[in-house]
Amino acid sequence: MAVLDIQDLKVHYYTLTGIVRAVDGVSLSVNKGEWISIVGESGSGKSTLALSIPRLIMPPGRIVGGRILYSGVDLLSLAGEELRRYRGREIGMVFQDPTAYLDPYRTVGSQIAESLLEHGLASSGSEAESMAGDALELVGIPRDRASVYPHQLSGGQRQRVAIAAAVALEPKILIADEPTTALDVVVQAKIMDLMKKLQEERGLTVMLVTHDIGLAAEYSDRIAVMYAGELVEIGPAEDVVSNPIHPYTEMLIKSVPDPWEDREVKPIPGSPPDLRNPPPGCRFHPRCPLRQPLCTNTRPSLRMVDGGRGHSCLVR
Ligand SMILES: Nc1ncnc2c1ncn2[C@@H]1O[C@H](COP(=O)(O)OP(=O)(O)OP(=O)(O)O)[C@@H](O)[C@H]1O
Ligand code: SF4
Ligand SMILES: [Mg+2]
């Protein structure tokens, strides 16, 4: 069952030098309780897609088309108080830099408690504090640490607090945009394990945004690959990684160093296109070794094939 159904979403940034088509017709359905990861190179539109869901796109960005159905409700039709109810309470967000939204002057416990009160999940200050303690414990931070300030915690602990704050509101879906990119690999694994635990034990739906397809493969049920504002491949994580269909996915996988295999790392030649003026036809054609004449003038769209897989290559 789909908890989130994104249909033909278009998000553009209106800059002085042109319109950046950051998300340009993406359709994606997210199932209840699954972990889906959005992968792709820098600038492919992953964050823009993720931020569109709770409607956090700020000017010069604007959602210019499509629908985002959350349990059947089109989030793009909501405003004001109604929209705020969905943010946090239904859709939790975690970003790369938790200091950006943790107030440095207030204790971590009081920040979680306040948001519980704000969303009506606790009826008194003491109940909110006790629930905040529970949330911290859930992410492996002792409840007596509720009285510390964000700067007294390590980067990994701050990210745990951010997850605790998001999960305390019992959202149905947690969108995490590069939550571990700034952290070392050991801490990264702990945070990912924590999110996996929340997915498994609480039935939380997880959408992870990452440039790291190796990480996505390890934790996700499904992987969606973005290139230049479009979805180019989607499918069960293992299948996508072991048997990619789209040439871009294949090259993305080959560009990741594999510590277990003595495989030659092949960076993807060229660079992603300027999204103010993307190439016609298949946007990957300037970099694609399989390019055919039709690729330069036919714009492909994602089509589903067997095994829950989909891709947008015109040739494969
Ligand atoms: N506020 C903004 N103003 C103008 N252009 C923007 C803005 N934010 C993003 N863009 C552009 O939109 C495109 C998609 O950016 P986005 O941040 O969504 O990509 P991303 O896949 O998340 O990249 P990264 O891996 O670097 O985080 C890029 O071309 C980017 O330059
Ligand atoms: S459609 Fe053509 S250019 Fe695009 S990925 Fe497939 S073969 Fe390459
Ligand atoms: Mg990003």
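Values in this document were obtained by computation on a predicted structure and should not be read as measured data. (Residues numbered from 1 in each chain as written. Chains lettered and ligands numbered in written order. Predicted model: local features only at pLDDT ≥ 70, side-chain atom pairs only at ≥ 80, totals over all residues. Heavy atoms only, no water.)

### A look at unusual backbone geometry
Look at the link from Pro59 to Pro60: it is a cis peptide, with omega at 10 degrees. Structurally, Pro60 can be placed in the loop between helix 1 (46-52) and strand 4 (61-70). Backbone geometry at Glu170 places phi at a positive 50 degrees, although glycine is not the residue there. The topology assignment puts Glu170 in the loop between helix 5 (155-168) and strand 7 (173-177). Even without being a glycine, Ala228 presents a positive backbone phi close to 50 degrees. Summarising the element assignment, Ala228 is placed in the loop between strand 9 (222-227) and strand 10 (230-236). (Helix = DSSP H or I, 4+ residues; strand = E, 2+ residues; numbered from the N terminus.)

### Examining the site of ligand 1
Residues in contact with ligand 1 amount to 14 residues; listed here are only the nearest, Ser42, Gly43, Lys46, Ser47 and Thr48. Contact distances for ligand 1 include 2.5 Å between an oxygen atom and a side-chain N or O atom of Ser42. At 3.2 Å, a backbone N or O of Ser44 approaches an oxygen atom of ligand 1. Elements supplying a minimum of two residues to the shell around ligand 1: strand 1 (2-15), strand 2 (18-31) and helix 1. Among the elements that take part in the shell around ligand 1, helix 1 stands out by supplying 3 residues, more than any other. Across the shell around ligand 1, the residue classes tally to 5 nonpolar, 7 polar and 2 charged. (Near = heavy atom within 4 Å. Polar contact = N/O pair within 3.5 Å; in protein donor to acceptor, adjacent residues only side chain to side chain. Nonpolar A, V, L, I, M, F, W, Y, C, P; charged D, E, K, R; others polar.)

### Concerning the sheet that holds strand 1
The 4 strands lie next to each other as 2-1-4-5, forming an open sheet whose pairing is antiparallel. Two strands lie at the open edges of the sheet, namely strand 2 and strand 5 (73-74), each paired on one side alone. Here strand 1 runs beside strand 4; their pairing, made up of 8 bridges, is antiparallel. Bridge pairing links Val11 to Ile63 in strand 4. (Pairing = 2+ DSSP bridges.)

### Details of the environment of Thr180
Turning to its location among the elements, Thr180 is positioned in the loop between strand 7 and helix 6 (185-202). Separated by 105 residues in sequence, Thr180 and Leu75 have C-alpha atoms that sit 28 Å apart. Excluding anything up to four places from it in sequence, Thr180 contacts Gln188, Ile191, Met192 and Leu215. A polar atom in the side chain of Thr180 sits 3.1 Å from the side chain of Gln188. (Contact = heavy atoms within 4.5 Å.)

### Focus on the packing of aromatic side chains
For the coordinates displayed, the defined rule picks out 6 aromatic pairs. Aromatic side chains Tyr70 and Tyr86 sit 5.6 Å apart centroid to centroid with 85 degrees between the ring planes, which places their arrangement in the edge-to-face category. Here the residue Tyr70 occupies a position in strand 4, and Tyr86 occupies one in helix 2 (residues 80-86), the gap between them amounting to 16 residues. The residues Tyr70 and Tyr86 share a single accessibility class, namely buried. Members of the aromatic cluster, joined through ring pairs, are Tyr227, Tyr248 and Phe284. The cationic tip of Arg62 hangs over the ring face of Tyr14; the distance from NZ or CZ to the ring centre is 4.8 Å. (Phe/Tyr/Trp six-rings, centres within 6.5 Å; stacked < 30°, edge-to-face > 60°. Buried < 20%, exposed > 50% of the residue type's maximum accessible area, 1.4 Å probe, protein only. Lys NZ or Arg CZ within 6 Å of the ring centre and 35° of its normal.)

### What about the environment of His246?
Mapped onto the elements of the fold, His246 is located in the loop between helix 8 (237-242) and helix 9 (247-254). By relative accessible area, which is 1% here, His246 ends up buried. C-alpha separation for the pair His246 and Glu233, spaced 13 residues apart in sequence, amounts to 6.4 Å. Here Tyr248 takes part through its backbone nitrogen, which lies 3.0 Å from a polar atom of the side chain of His246.

### A closer look at the UniProt feature "domain: ABC transporter" (unreviewed entry) in the protein chain
UniProt annotation of "domain: ABC transporter" (unreviewed entry) refers to residues 6-253 when read in the numbering used here. This span, residues 6-253, is 37% helix and 28% strand, and a straight line between its end C-alpha atoms measures 26 Å. (UniProt positions renumbered as here; feature names shortened; annotations may be inferred.)

### Digging into the environment of Ala216
Within the secondary structure, Ala216 sits in helix 7 (residues 213-219). Residue Ala216 is classed as buried on the basis of its relative accessible area of 0%. Counting along the chain gives 29 residues from Ala216 to Ile245, while the straight-line C-alpha distance between them is 17 Å. Those residues within four positions of Ala216 in sequence are excluded, and the remaining contacts are Ser37, Val39, Thr210 and Ile223.

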